[in-house]
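# Architecture and fold: a report
Residue strings, one per chain:
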Amino acid sequence: MRFLLTIVGAFALHNAAMAACPPAGITRADILALQAVRGEVADHARRQRLAIGLTDCLSSPDPELRERSSQPSVRIWIREQKLDVSTLHNLRVSQVAAIKQHDPAGFAQAFAALVLADLVGADSVKPFLGESHLAEIMQAGTTYLSGLRDYRGYDQKEGWRHAVPHASDLLTQLARHQGIGKKNQQIILEAIATQLYAAGSQTPPQFYQYSEGSRMARTVFSLAERSEITVAEWDAWFGAFVVTTADRNASKPELFARRHNFRSFLMPLYISLLESKDMAQRERVLASVSKALQQFGAMAAG
């Protein structure tokens, strides 16, 4: 038994070492230097190793390493098709695992969502994800947004967490992906509705203040560009956001938070739809959004 515990302990230490940032063979200065060159790494093999190694820095509390060097570099390499398919799948596996694993510090899951968003976006351009891979990302992303209760945004020392906006960015890429059918589109809407109600129900109630509402609005706007969800279904979804007269007149913190959060979601969506040149999209959704805004005491017409 002692031998087994020793092996288990050694394995845990090995995993901890593997999760080190900077990764083995790379210095902090090496990572920070990527900012100046916009992630340019001429050596193809080294770029693959860096992409995989830098994911360990996505959970770092150091914003210079996490959000100013590692995540932007990985994003550039994914979007500019500078990573091998095997590297892309390595990122998929590690970041699906990361977004599923609760992180009290609040960095790993939020930044895993950004990497997964870039992978889904890249797959829309040049497919490499299988149906099961897409389904796994879909399940992980919607579960993450639905269950999020971490509303920390920007910290002067540690930088951004931004969990709800990052999760929304992932769902936006999924909403645009042609491999996501109507059933999954409706699951995305369920996740957004759950999140909208959740924030105001916390103790104390949470008021969206870091673009949470507008980023979820972007997701719904992307879904509304597609034709699978019918006008009646959109009307039913927005119509479920009911505010009673008693609630509208009540002076309770949780109700103030709920009204604020729904308005911060509905208003940017309403404005985006007004500006949209896609008349079919406007016909599908605009009237329902206008009615929902009026439910929450914001005047809207058209």
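Here we summarise the structure given alongside this text.

Criteria and cut-off values
- Residues numbered from 1 in each chain as written.
- Predicted model: local features only at pLDDT ≥ 70, side-chain atom pairs only at ≥ 80, totals over all residues.
- Heavy atoms only, no water.
- Salt bridge = Lys/Arg side-chain N within 4 Å of Asp/Glu carboxyl O.
- Helix = DSSP H or I, 4+ residues; strand = E, 2+ residues; numbered from the N terminus.
- 1 Å grid on protein atoms, 1.4 Å probe; cavity = no way out; pocket = protein on both sides within 12 Å on 5 of 7 lines; lining within 4 Å.
- Points joined across faces, edges and corners; volume = space filled by probe spheres on them.
- Nonpolar A, V, L, I, M, F, W, Y, C, P; charged D, E, K, R; others polar.
- Phe/Tyr/Trp six-rings, centres within 6.5 Å; stacked < 30°, edge-to-face > 60°.
- Buried < 20%, exposed > 50% of the residue type's maximum accessible area, 1.4 Å probe, protein only.
- Arc of directions from axis to C-beta.
- Contact = heavy atoms within 4.5 Å.

## Focus: the pattern of salt bridges
Summed over the entire model, instances satisfying the criterion amount to 16 salt bridges. Note that E80 is salt-bridged to R38, the shortest N-O span being 3.4 Å. Here E80, found in the loop between α4 (63-79) and α5 (85-100), pairs with R38, found in the loop between α2 (28-36) and α3 (44-54); they are 42 residues apart in sequence, far enough to count as distant. The network of salt bridges with common partners includes R38, E40, E80 and K82.

## Considerations on the layout of surface pockets
For the second largest pocket, the calculated volume is near 300 Å³. Every residue lining the second largest pocket is counted, 18 residues in all, and those nearest its centre are H102, D103, Q109, Y144 and L148. Looking at the lining of the second largest pocket, the elements that each hand over two or more residues are α5, α6 (108-125) and α7 (131-147). Here the residues of the lining of the second largest pocket are counted per class, giving seven nonpolar, six polar and five charged.

## Comments concerning the packing of aromatic side chains
On inspection of all chains with the given rule, the structure shows 13 aromatic pairs. For the ring pair W237 and F238, a centre distance of 4.8 Å and an interplane angle of 80° mean the geometry is edge-to-face. Where F241 meets F262, the ring centres are 4.8 Å apart and the plane angle is 65°; that geometry is what we call edge-to-face. Placement of the pair is F241 in the loop between α11 (231-239) and α12 (245-249) and F262 in helix α13 (residues 253-275), with a sequence separation of 21 residues. Assessed through its relative accessible area of 2%, F241 is described here as buried. Overall, the relative accessible area of 0% leaves F262 in the buried class. One aromatic cluster is present, formed by Y197, W234, W237, F238, F241, F262, F265 and F296 through successive ring pairs.

## Details of α11
Turning to α11, its buried residues number three or more, namely W234, W237 and F238. The arc that holds the buried residues of α11, viewed along the axis, is 90°, so those residues lie on one side. In this structure, α11 carries A232 and A236 as exposed residues pointing more than 90 degrees from its buried face. For α11, the secondary structure elements touched by its buried residues are α9 (182-200), α10 (212-224), α13 and α14 (279-295).

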